[in-house]
Amino acid sequence: METSNEELSILITRCASGSEFALEALYKRLSPYLNSYAYGIVRCEALSNEVLQDSFIQIWQNASRYSKRRGAPLTWMCAIVRNRAIDKLRVENKHLRFCYSDKDIVDVDSLPGVGQPELEAAQQQSKLIFNRYLTELPLNEQHSINLAYLQGYSRDELAGVLDANVNTVKSWLRRGMKHLQGLDGLSVLS
C-alpha cells in the first residue's frame, strides 16, 4: 500500500463531492489492507468481506465529515472498519446466544484495543512510514536496525552476523537511528 496521506485526502474529498471514480480508486488501493484489518477482528473471511463493504458505504456517506486536521485518512478509515467489525461481532453474538450458552460467546468489549481504534491505526501508519524510511538508509544501517531493534539481536550478535566489529555496528545503528528520529510522523520510535 504505497499511497500517501495527501492522495488519500484528495480521494476522500472527491468522494464527498460524489465522485464514484474516487471511491473506486480508494477501494482498489485500500481494500486488501482494510479487509485484512477487519479479518483480524472478526476472524472470518465472509464476515470481513461484509465489514469491508459496510465500511466503504460508510466512508462514502461520511466523506464530507473527514478532516485532515483531526487525523490521517487511513486512521479515519481504520476506525470506521473497526467499528463496523465490532458491530458485526455483536450482531453475530446475539444470534449465537440462541444456540450456545453465554460462556461460549466471545465478549467483544474484552478484545484487545477495542475502544482505541485511532491509536491502533496510528501505530499501523507509523510502522508503514518507518518501513518506508528504513529502506532509504544504506544497507548496513538497514540490516543493523532491523536485526537490533526489530529482531532483538545484541551488538555482539550483530557483529557476527554482519561480519563487522562491534564499534562499526554501533556506528551504523547510531547513524541510522539519528536519521530516522529526525523524520516527522515517526512516533514508532518514541
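Look above for the structure.
Reading guide: rules and limits
Residues numbered from 1 in each chain as written. Predicted model: local features only at pLDDT ≥ 70, side-chain atom pairs only at ≥ 80, totals over all residues. Heavy atoms only, no water. Helix = DSSP H or I, 4+ residues; strand = E, 2+ residues; numbered from the N terminus. Buried < 20%, exposed > 50% of the residue type's maximum accessible area, 1.4 Å probe, protein only. Contact = heavy atoms within 4.5 Å. Core = buried A, V, L, I, M, F, W, Y, C linked by side-chain atoms within 4.5 Å. Axes fitted to C-alpha atoms, helices over the stretch in contact; angles between N-to-C directions. Parallel < 35°, antiparallel > 145°, perpendicular 65-115°, else oblique. Nonpolar A, V, L, I, M, F, W, Y, C, P; charged D, E, K, R; others polar.

Asker: Describe the environment of valine 169, naming the residues involved and giving the relevant values.
Answerer: Of note, valine 169 is situated in helix 8 (residues 166-181). Since its relative accessible area comes to 0%, valine 169 is described here as buried. Residues valine 169 and leucine 158, spaced 11 residues apart in sequence, show a C-alpha to C-alpha distance of 6.9 Å. Each residue touching valine 169, except ones within four places of it in the same chain, is listed here: Arg155, Leu158, Ala159 and Ala164.

Asker: Could you give an account of the nonpolar core, with specific residues and numbers?
Answerer: Counting 29 residues, the largest nonpolar core has Leu26, Leu34 and Met77 as its most contacted members. Elements with a contribution of two residues or more to this core: helix 1 (5-16), helix 2 (20-42), helix 3 (45-62) and helix 4 (73-96). Broken down by element, the residue count for this core peaks at 10 residues, all from helix 2. Setting aside its immediate chain neighbours within four residues, leucine 34 contacts Leu52, Phe56, Leu74, Met77, Cys78 and Val81. By size, the runner-up hydrophobic cluster in this structure holds 13 residues, among which are Leu137, Leu158, Val169 and Met177.

Asker: A description of the packing of helix 7 (residues 155-162) against helix 8 should follow, citing residues and the corresponding values.
Answerer: Here helix 7 crosses helix 8 at 100°, and the two axes come no closer than 9 Å. Overall, the two elements helix 7 and helix 8 adopt an arrangement that is roughly perpendicular. Contacts between helix 7 and helix 8 involve Arg155, Asp156, Leu158, Ala159 and Leu162 from the first element and Val166, Val169, Lys170, Trp172 and Leu173 from the second. Its residues assigned to classes, the contact of helix 7 with helix 8 comprises 7 nonpolar, no polar and 3 charged.

Take it as geometry only, folks, not as evidence of what the structure does.
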